[in-house]
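Analysis of the macromolecular model
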Number of protein chains: 4
Amino acid sequence: LELLYEPQLAGDRRVVLPYLLEIDAAHVVMLEGCGILPRRVATELLAVNRELAGRVAGGEDVLGSPASHRGLYTLYEGRYVERLGAETGGAAHVARSRNDINAAVSRLRLRDRLAELLRHGCRLLEVTAALAAQHASTVMCGFTHQQPAQPSSFGHYLAGVAFELTRSLEWAAASCDLADRSPLGAAAGLGTALPVDPRRVADLLGFAEVVESSLDAVASRDYLVHALGALAMLGNSMSRLATDLQTWSSAAYGFLGWGDELVSTSSIMPQKRNAYVLENVRGEAMEPLGALVSTLAGMKNVPFANSVEVSGEAGKHVWPALDAAVSASRLLALLVENVQVDAARMRSFLDDRETSLTALADLLVTRYGIAFRTAHGAVGELVGEGPVEAAPPAALTRRLTAILRRRLERPVDLDEVGVGRALDPEECLRSARYGGGPAPESVKAQLRVLAERREVLVARVEAWRSHRREAASRLAQAIEAVRGEAGEVREEGGAARG
Amino acid sequence: LELLYEPQLAGDRRVVLPYLLEIDAAHVVMLEGCGILPRRVATELLAVNRELAGRVAGGEDVLGSPASHRGLYTLYEGRYVERLGAETGGAAHVARSRNDINAAVSRLRLRDRLAELLRHGCRLLEVTAALAAQHASTVMCGFTHQQPAQPSSFGHYLAGVAFELTRSLEWAAASCDLADRSPLGAAAGLGTALPVDPRRVADLLGFAEVVESSLDAVASRDYLVHALGALAMLGNSMSRLATDLQTWSSAAYGFLGWGDELVSTSSIMPQKRNAYVLENVRGEAMEPLGALVSTLAGMKNVPFANSVEVSGEAGKHVWPALDAAVSASRLLALLVENVQVDAARMRSFLDDRETSLTALADLLVTRYGIAFRTAHGAVGELVGEGPVEAAPPAALTRRLTAILRRRLERPVDLDEVGVGRALDPEECLRSARYGGGPAPESVKAQLRVLAERREVLVARVEAWRSHRREAASRLAQAIEAVRGEAGEVREEGGAARG
Amino acid sequence: LELLYEPQLAGDRRVVLPYLLEIDAAHVVMLEGCGILPRRVATELLAVNRELAGRVAGGEDVLGSPASHRGLYTLYEGRYVERLGAETGGAAHVARSRNDINAAVSRLRLRDRLAELLRHGCRLLEVTAALAAQHASTVMCGFTHQQPAQPSSFGHYLAGVAFELTRSLEWAAASCDLADRSPLGAAAGLGTALPVDPRRVADLLGFAEVVESSLDAVASRDYLVHALGALAMLGNSMSRLATDLQTWSSAAYGFLGWGDELVSTSSIMPQKRNAYVLENVRGEAMEPLGALVSTLAGMKNVPFANSVEVSGEAGKHVWPALDAAVSASRLLALLVENVQVDAARMRSFLDDRETSLTALADLLVTRYGIAFRTAHGAVGELVGEGPVEAAPPAALTRRLTAILRRRLERPVDLDEVGVGRALDPEECLRSARYGGGPAPESVKAQLRVLAERREVLVARVEAWRSHRREAASRLAQAIEAVRGEAGEVREEGGAARG
Amino acid sequence: LELLYEPQLAGDRRVVLPYLLEIDAAHVVMLEGCGILPRRVATELLAVNRELAGRVAGGEDVLGSPASHRGLYTLYEGRYVERLGAETGGAAHVARSRNDINAAVSRLRLRDRLAELLRHGCRLLEVTAALAAQHASTVMCGFTHQQPAQPSSFGHYLAGVAFELTRSLEWAAASCDLADRSPLGAAAGLGTALPVDPRRVADLLGFAEVVESSLDAVASRDYLVHALGALAMLGNSMSRLATDLQTWSSAAYGFLGWGDELVSTSSIMPQKRNAYVLENVRGEAMEPLGALVSTLAGMKNVPFANSVEVSGEAGKHVWPALDAAVSASRLLALLVENVQVDAARMRSFLDDRETSLTALADLLVTRYGIAFRTAHGAVGELVGEGPVEAAPPAALTRRLTAILRRRLERPVDLDEVGVGRALDPEECLRSARYGGGPAPESVKAQLRVLAERREVLVARVEAWRSHRREAASRLAQAIEAVRGEAGEVREEGGAARG
């Protein structure tokens, strides 16, 4: 039985232990403050706690002994008992349980990992926006259904994707807020009769608030589902961006590419340059979806109370999903940052694609007062007769005039220069100023909005970080206050550390 | 080919058409206001629009003709052309496309359906909270890992679940806000050169803002994923509540049950009373999970641009999922509202389950200053010797005194009355006041928090509704303004309606 | 409560009723044969059964009355009671339950729907293979990582995809076999004390065998999961084929396209021809995945016994998934059948893509005995110097000779004609004969294997059909046998029908 | 960039390398046999291959150098080049590619892991069947909708579940057959012009056949989806079995339990005995579902050709899912094997649950010729009047007689002894012989069928194993044959190894 648990424990040990030590310290400080634990006992416990924390921070494996299916916590508490005897060593385990401790670890860990993801995500936003700004006037074919539609710009494309990426990251930030409540004090899920002060513990750990219900505190992991939803959506957006980049870097388009350090050669085909990191991005981006399903299915039909099925099993899928999301966003940022754009090929792709016909129809509507359906039909007929963009403006104007006369049963006096301008991709781009279109000034306005929202996100991440730092410093001071007031005991503890 | 599309269209037609009419009216009003459409044309279009809207509101099928794979929109526009001729009838289709119209329909429809879900969800919260208030002092066994743990109350259980339900509904409300931006003006995804006023359209349709990027406006459906995440999580919570209710209504527990109208008899076993509506709830609650997966997978690797794969296909799974979520929450509310609680069986289940031993250990810690591990060990030894709760307090106190003396190697003078009180379930319940525990006063405090949050939700739903009503009235006035100012034309239009 | 059930019932009624009638008839025939039901009663029941079956076959709604949450079965039995009184009308409901009846309906219905899917799937295989045969020698660029790799043929591509499609359909056929056992006789899941003959019922309904355990018979729906797995995999393959077809029909490639009846124009862009049916295919192909998840999650943590959660709820997702799979395969078959291939553009795409370099390296290995890594490196160097395929063979041979001399430190005497041939795409294609490569003769061999496997599938579907027909005829004869032997009663029954 | 790839590579290295070495050896043997590789070169390569294989088998890390995003294969080939120089060391990489090698590794690895799963799965079947045999006559309440239904036996329950488990394992075995084809020779997916012999390679690696199409060989991973479907279904069944075991081990039922080594105590509640390994089983059982979704979504919309997105990314989720499935089935087997059944509590639970009423109704039908609906109604009325099973048979018979007289309007002469027997749970159990019911003889027949099918499975697993062993021995002989025939070279190679 033990063997079956070992692999899982090994991975957790390294990551979870620092949180356990932090939670433990805050709990002991609070117990002492509430008069539940004598100062002497608290001081001894905190001395061991700080010593272990120091050794763990130094990379040492302080648990050492073999794994047990009774979990990391039992192993951990053993270290205290070993050092201080059963009575003092086990004294902190009052008014709490593995259940609320596990819940607290999952919340602290999630916040830290989400902050990491958001840092990398904001970096992706930043490089995408920078590239968009650089290419706000780079004419590129706009596509719908993968067919050439109308002239657009590479910058407009990138800004559009950045909006969706931004929203997914804002979603992830909201997950962080959702998790920002301390479950400590809930014990096994039924609270306690001991006069604890959960808000004090929350404050020492940097939680904004406490969970109101002890049952909710141990039974629910909905914040993990919320976070996984954000990761799955983020992955989705990344898969779409990666798909477009791969299409446009293919030989058939040749719009963009990467230097040797980001492409790979073939083991068999000497000419190949495969940007298959994009395939890694698309693949990793799907990992949160599976994790989301395992998590939701894992919680289904489980009694609403503490359950290993939820806390230990369903609750574990989020971590590799976060790894994958971080990895995918780092890789994608690297690719966006280092892409080499071939603006000339983007421009020449538009030649004779007839993408400015909508502009021509719009011209008939706005300048000549022709009804849209008629204009649309006339231009459709025109393109049915033969090439439009490739034709000389004069000849084209004559053909279109004839078509309109027949359809409207009245003469229309078209301006050859206007027709020519309407068919010019650069001109089309410049005039698509309304409705969030690709005109450079419109894209710049979009980038300003994106920058504001990105800055808000960055500020939120920074605020969490400083909030965490302040809490850590409050905890350190509180520990010192307890230990300082217990003079002799402290020296004893200090000796033990020496 | 046409045949393959028919089933889908039939369902949509009824639901989508009113949105199309509303969007169309707002668009025409705006076009006229911006000088893109002559007043005469606008008036004629609005006259047909209002007439069709009236007939649709009256239940009439105004489209009539057979379905087409070119979609509902083409069919719809045909009605205008039929009435006003191609030139006037098709005049409104300028500076827009099926793409931004479809996006607008999905956002308006989502908001309306989410508001409906939230109304039913708030109803579920309300009946759950009312039941919790009624049973804040109803002693019930608290469970972990499905084993008796400590005395709790039915009210505490219900309040705990209500917190998770509340968060899922708050998530759904946030989805509503996410969708609250108008995509109109984006046209095919590349904006327009015509000087449209998207904010005016947004205002007439009751959207809070506009989507900044035309590409984002047609390419993204992330708000559907956000909403489906909320529904899946809500379903998950409902499955857990339903699981507990079914367990407790089973013959082995007998804590609760329902009257004849909510249970079903067996076609073969005359004695059976099956509350299998709970199984329907659990089943329906899983539908959003599958829809979420189909939606996310459906968007994967799709170019970020307008695509039927995203807008038409991936975007359709949310609707049956909403149906299922509404149905599950209505059924569950009905069951919670009408549950018959057998408080006596709840109480007698606690007899001799030894669930007050934690309280006994806590007593040793707080009253006699014994370290937790020692107290826990001593009580464990006590229960190993034989029944605890069923034993007379005097004998029990003697046994425990002997155990402690041996373990502590010093005498401890236990108070028999205190020991007896500690073992009393009612007393345990009353004293579990900390950390969000089940003490009645603690549960009442939790219910106050729940009530506040529910009221906020109800107010948000109400605000959307009134916002929608105000927009509808703004739109009606704007239509009248256009038509009123065009005297003769209006009469003509009026005649057409007569 | 009733209202909540109505929508579901309406859909089921039409589809499920014929199965209920068939099951009922077989059950009554068996009961009579085993002496459990008197011949007179059996005759009367069968008379009503045949009458109802006739009316249902004629499109009549024989149930009429409003829906009930007690389900279709109760409503259905009511028709008998109405006609024959409670005693005779309810007589057939012995040794059975709604539970085993529902299980039987789901199995019969699945087999019929899978047979339908397989017919359309085999049609897709057929048109794909026919197209592959037609293009076994149509040179096309082979891609890996979306970059040009080596010369291949359109036929080789299609044959490759057809193998995966074939396996998914074989998986679906295996699901059919898995479902081919009768659960009737299991009653509520605990069998019966009445001496029934389940094999006789199985035989009359065309089941190959019976389910051995009555509990398994009502509790399990694993055959639905198996079928949904096949559908999800099939959808996956279809999404990949549709992706490639859409890429190759894009303007950048122009390898293929469709006539006007399969593409759609734009409501705004006069030049557009969107093959967005491919996007429908890709979208519909994802529906089984969500259904699979809802089904599996829906069965999780449900007691292994009859449960509405499994039979009614989790068991319902398969039907719309089958609709979507059938629709996607029909649409895709239509597209494959009607595709217009531009072989000239396929061929010209290969110009100067340097896709024959692997062949050149192979030539150095096989003809000149040069080690592969050296050959690969030399050709890599050659392409690094400048165009290869576009260079005159003589110049190229000189350059390569020089490179090899330097690398091998010995002279190599290359044959200019051989080098020229190695670089010719047609020649590359012809010589890729090994390892299942694209040489025409190799593709033809693959198509022969595909044809054999398709014929086996078609024969299996045909065998089910005839098996079902034979069972129906056995049932009809058995009914006649019962009714015929009961002369007067039969006339009476006939009168009742008149 | 490199850093991002490291974690994945570390895990793979250990597992994948032995397969690479095996594949390499087979490839070289074949190349030599086909005259593509000179004997001298083949001998040198095989010497290094055997040496590396020996060191890897001994636990050594033969790759050593830092990871690279170009993958394990490049690193691996580097070892040859280092030893034999570029020309000889790289000579084997002809007529192949990383693509077909990766495909071969995934197939070989899947077969080995599935064989492992099947061994543990068959062990679970075995202990379940053994427990069922032991409890074929242990009367237990049969449940539907979690309410007491009819008397059954624990053995009948276990046999029922075992059927579903068996089918899932048979599905997994079919996945193994699906994967049993060699993709080698496909090279990059476009075959080769070199006259290779793929059947020879297949034979040396123990594959039953070759993949016919080179494109299919590298592009498809459908066998992973098939296997994950089986694992997800297996997990589903295990979750249901674990749910029932946990319900029945709860204090409210007390039907079963486990010894101290399989339950866990609470860190806070001294009386608790939590069988939470069941919660681990249920949790781990959901992991394949998420993996299945990530795999299917990961393959969606990927061009049908070699792609890292499919081969590297989507293809990796199966391995941790297999770990979880193996772990869950081992844990569950341990729990089933060591369960302690309290037959007395199972029996006493049936007291006065009125579960024999169906039998009483059946008695009225079969012995007294009363129509089922009438009998069912009469017994329903009887139970409505008051307790049935608890009443003295004589009084009961009188009550029932009166009810029947009123309903039938004729006297019925009931036999008191028969009525009494019908209400006896043991008697009910014994007589439920039909339709796969729980009568001991019926359960024994079911167990015989299960044993046969389990033996077939065990034999299949054993056959794979011996097939693999034979292939390994063929490969070893072939290697020796090549090296033996090249005398001097071999000694040289031997020296290199010394």
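Please read all numbers here as calculations on a predicted model, not as lab measurements.

**Focus: the overall build of chain A**
When you go through chain A residue by residue, the secondary structure sums to 20 helices and six strands. Its C-alpha atoms give chain A a radius of gyration of 31 Å, more than 25% over the compact-globule value 23 Å for 498 residues. Here the C-alpha coordinates of chain A stretch approximately 105 × 55 × 45 Å along the principal axes. With 498 residues in all, chain A has 67% of them scored as buried. The contacts in chain A between residues at least 6 apart in sequence include a share of 77% that link residues at least 24 apart. Of the roughly 15,800 Å² of accessible surface on chain A, a fraction of 51% belongs to carbon and sulfur atoms. Looking at charge distribution, chain A has the averaged site of its 55 positive side-chain charges lying 3 Å from that of its 62 negative ones.

**Here we look at helix α2 (residues 39-57) of chain B**
Residue and element names in this part refer to chain B. Given a rise of 1.5 Å per residue, 19 residues ought to cover 27 Å, and the 26 Å separating the end C-alpha atoms of α2 matches this to within 8%. Among the residues of α2, those classed as buried are Val-41, Ala-42, Thr-43, Glu-44, Leu-45, Leu-46, Ala-47, Val-48, Asn-49, Glu-51, Leu-52 and Val-56. A positive backbone phi angle near 95 degrees is found at Gly-59, which sits one or two residues after α2.

**A few points about the relation of the copies chain A and chain B**
Superposing chain A onto chain B requires a rotation of 180 degrees together with a translation of 0.0 Å along the rotation axis, leaving an RMSD of 0.1 Å. The transformation just described matches what one would write down for a two-fold rotation axis. Taking C-alpha positions as reference, the residue of chain A nearest the rotation axis is Gly229(A), located at 3.1 Å.

**Considering the relation of the copies chain B and chain D**
When chain B is fitted to chain D, the best match, at an RMSD of 0.1 Å, comes from turning it 180 degrees and sliding it 0.0 Å along the axis. Most of the interface of chain B is mirrored in chain D, where 100% of its interface residues are also at the interface.

**Side note on the interface of chain B and chain D**
The partner chain D presents 46 residues to the 46 residues of chain B that form the contact. Interface area, chain B with chain D, both sides summed: about 3,600 Å², of which 51% is carbon and sulfur. For the pair chain B and chain D, the number of links is two salt bridges. Among the salt bridges present, the one from Glu309(B) reaches Lys300(D), with a minimum N-O distance of 2.8 Å. Applying the counting rule to chain B against chain D returns 25 residue pairs in polar contact (both at pLDDT 80 or more). Contributing elements (two or more residues each) for the side of chain B that touches chain D: β2 (147-153), α8 (222-249), α9 (277-284), α10 (287-299), α14 (357-368) and α15 (372-385) of chain B.

**Focus: the packing of helix α5 (residues 154-178) of chain A against helix α8 (residues 222-249) of chain A**
All names here are of chain A. Close contact between α5 and α8 brings their axes to 8 Å; oriented N to C, the two are set at 165 degrees. Classified by the angle between their axes, α5 and α8 sit roughly antiparallel to one another. Helix-helix and strand crossings are classified by hand; for α5 and α8 the assignment is left-handed. For the contact of α5 with α8, a count of residues per class yields 17 nonpolar, five polar and three charged.

**With respect to the interface of chain A and chain B**
Where interface size is quoted, it is often the accessible area lost as the parts come together. The interface of chain A with chain B comprises 93 residues on the first partner and 94 residues on the second. Overall, the association of chain A and chain B removes approximately 7,800 Å² of surface from exposure, summing both partners, and the carbon and sulfur fraction of that is 61%. Where Arg167(B) meets Asp222(A), a salt bridge forms, and the shortest distance between an N and an O atom there is 2.7 Å. Counting the contacts that link chain A with chain B gives 34 residue pairs in polar contact (both at pLDDT 80 or more). For the side of chain A that touches chain B, the element with the most residues is α8(A), which contributes 10 residues. Here the residues of the side of chain A that touches chain B are counted per class, giving 44 nonpolar, 32 polar and 17 charged.

**Examining the packing of aromatic side chains**
By the definition in use, this model includes 44 aromatic pairs over all chains. Seen in terms of ring centroids, Tyr157(C) and Trp248(C) are 4.8 Å apart; in terms of plane orientation they differ by 75 degrees. Their pairing is edge-to-face. Here Tyr157(C), found in helix α5 (residues 154-178), pairs with Trp248(C), found in helix α8 (residues 222-249); they are 91 residues apart in sequence, far enough to count as distant. Judged by relative accessible area, Tyr157(C) falls into the buried class, the value being 4%. One Lys or Arg, Arg353(B), reaches over the ring of Phe349(B) and ends 3.9 Å from the middle of that ring. One cation-aromatic arrangement involves Arg109(C) over Trp319(C); the distance from NZ or CZ to the ring centre is 4.1 Å.

**Focus on the confidence of the model for chain A**
When pLDDT is averaged along chain A, the result is 90; 93% of the residues meet or exceed 70. Across residues 488-498 of chain A, confidence stays below pLDDT 50; counting only partners more than four residues off in sequence or on other chains, it has 14 contacts.

**Some words on the side chain of Ser442(C)**
Residues and elements named next belong to chain C. By the element assignment, Ser-442 lies in helix α19 (residues 440-485). The class for Ser-442 is buried, based on a relative accessible area of 9%. Once you skip the residues sitting within four places of it in the chain, Ser-442 turns out to touch Arg-433, Gly-436 and Gly-437.

**Some points on the pairing of strand β1 (residues 139-144) of chain A**
Residue and element names in this part refer to chain A. With six of six residues buried, β1 lies mostly within the body of the structure. Here β1 pairs with strand β2 (residues 147-153) via six bridges, running antiparallel. Note that in β2 the partner of Met-140 across the bridge is Ser-152. Linking β1 back to β2 in an antiparallel pair, the connection comprises two residues, with His-145 at a positive phi of about 55 degrees.

**Thoughts on the environment of Leu400(C)**
Residue and element names in this part refer to chain C. For Leu-400, the position within the fold is in helix α16 (residues 393-408). Note: C-alpha distance between Leu-400 and Leu-414 (14 residues apart in sequence) is 8.4 Å. Beyond its immediate sequence surroundings of up to four residues, Leu-400 is in contact with Leu-360, Leu-364, Ala-378, Leu-382 and Leu-414.

**Structural notes on unusual backbone geometry**
With a phi close to 50 degrees, His145(B) is a non-glycine residue in the positive phi region. Note that His145(B) resides in the loop between β1 (139-144) and β2. Backbone geometry at Glu409(C) places phi at a positive 55 degrees, although glycine is not the residue there.

**Looking at the pattern of salt bridges**
Note that side chains of opposite charge can pair when their charged atoms are close. Per the counting criterion, the structure on display carries 152 salt bridges over all chains. The salt bridge partner of Arg453(D) is Glu170(D), with a shortest N-O separation of 2.9 Å. Separated by 283 residues along the polypeptide, Arg453(D) in helix α19 (residues 440-485) and Glu170(D) in helix α5 (residues 154-178) bring together distant segments of the chain. On the basis of relative accessibility, which here comes to 24%, the residue Glu170(D) falls in the partly exposed class. Two residues, Glu385(D) and Arg399(D), come together in a salt bridge whose shortest N-O distance is 3.1 Å. Pair noted here: Glu385(D) is in helix α15 (residues 372-385) and Arg399(D) is in helix α16 (residues 393-408), with a separation of 14 residues, a long-range link. The partly exposed category is assigned to Arg399(D), whose relative accessible area is 24%. Among the charged side chains, a network of salt bridges with common partners joins Glu51(A), Arg55(A), Glu60(A) and Arg83(A).

**Remarks on the environment of Gly235(C)**
All names here are of chain C. Relative to the elements of secondary structure, Gly-235 occurs in helix α8. A sequence separation of 46 residues divides Gly-235 from Val-281, and the C-alpha atoms of the two residues are 8.5 Å apart. Gly-235 has contacts with Ala-285 and Met-286, leaving out every residue within four places of it along the chain.

**Examining helix α12 (residues 318-337) of chain A**
For α12(A), built from 20 residues, the straight-helix expectation of 28 Å at 1.5 Å per residue is met to within 8% by its first-to-last C-alpha distance of 28 Å. Of all the 20 residues making up α12(A), 15 are buried; the element is thus mostly covered by neighbouring parts of the structure.

**Digging into the packing of helix α2 (residues 39-57) of chain C against helix α3 (residues 72-89) of chain C**
Two quantities define a packed helix pair, namely the angle between the axes and the distance from one axis to the other. All names here are of chain C. Following both chains from N to C, one finds α2 and α3 inclined at 160 degrees, their axes separated by 11 Å at the closest point. Here α2 is positioned roughly antiparallel relative to α3, judged by the angle of their axes. Crossing geometry of α2 relative to α3 is assigned as right-handed. Seen from α2, the contacting residues are Arg-40, Val-41, Glu-44, Leu-45, Val-48, Asn-49, Glu-51, Leu-52 and Arg-55; seen from α3, they are Tyr-76, Arg-79, Tyr-80, Arg-83, Leu-84, Thr-88 and Gly-89.

**Focus: the state of the cysteines**
Under the counting rule described, the total for this entry stands at zero disulfides over all chains. Cys428(A) forms no disulfide, and the closest cysteine sulfur to it belongs to Cys141(A), at a distance of 11 Å.

**Examining the environment of Thr358(B)**
Topologically, Thr358(B) is positioned in helix α14. Spatially, the C-alpha atoms of Thr358(B) and Leu382(B) are 12 Å apart, while their sequence positions differ by 24 residues.

Definitions and cut-offs
Residues numbered from 1 in each chain as written. Chains lettered and ligands numbered in written order. Predicted model: local features only at pLDDT ≥ 70, side-chain atom pairs only at ≥ 80, totals over all residues. Heavy atoms only, no water. Helix = DSSP H or I, 4+ residues; strand = E, 2+ residues; numbered from the N terminus. Rg over C-alpha atoms; globule rule 2.2 N^0.38 Å. Buried < 20%, exposed > 50% of the residue type's maximum accessible area, 1.4 Å probe, protein only. Contact = heavy atoms within 4.5 Å. Areas by Shrake-Rupley, 256 points an atom, 1.4 Å probe, with all protein chains shown as cover. Lys, Arg positive; Asp, Glu negative; His and termini not counted. Charge placed at Lys NZ, Arg CZ, Asp CG, Glu CD. Expected span 1.5 Å × (residues − 1). Least-squares fit on C-alpha atoms with pLDDT ≥ 70 in both. Buried area = accessible area lost by both parts, 1.4 Å probe. Salt bridge = Lys/Arg side-chain N within 4 Å of Asp/Glu carboxyl O. Polar contact = N/O pair within 3.5 Å; in protein donor to acceptor, adjacent residues only side chain to side chain. Axes fitted to C-alpha atoms, helices over the stretch in contact; angles between N-to-C directions. Parallel < 35°, antiparallel > 145°, perpendicular 65-115°, else oblique. Left-handed = near helix turned anticlockwise from the far one by under 90°. Nonpolar A, V, L, I, M, F, W, Y, C, P; charged D, E, K, R; others polar. Phe/Tyr/Trp six-rings, centres within 6.5 Å; stacked < 30°, edge-to-face > 60°. Lys NZ or Arg CZ within 6 Å of the ring centre and 35° of its normal. pLDDT = per-residue confidence, 0-100. Pairing = 2+ DSSP bridges. Disulfide = S-S within 2.5 Å.

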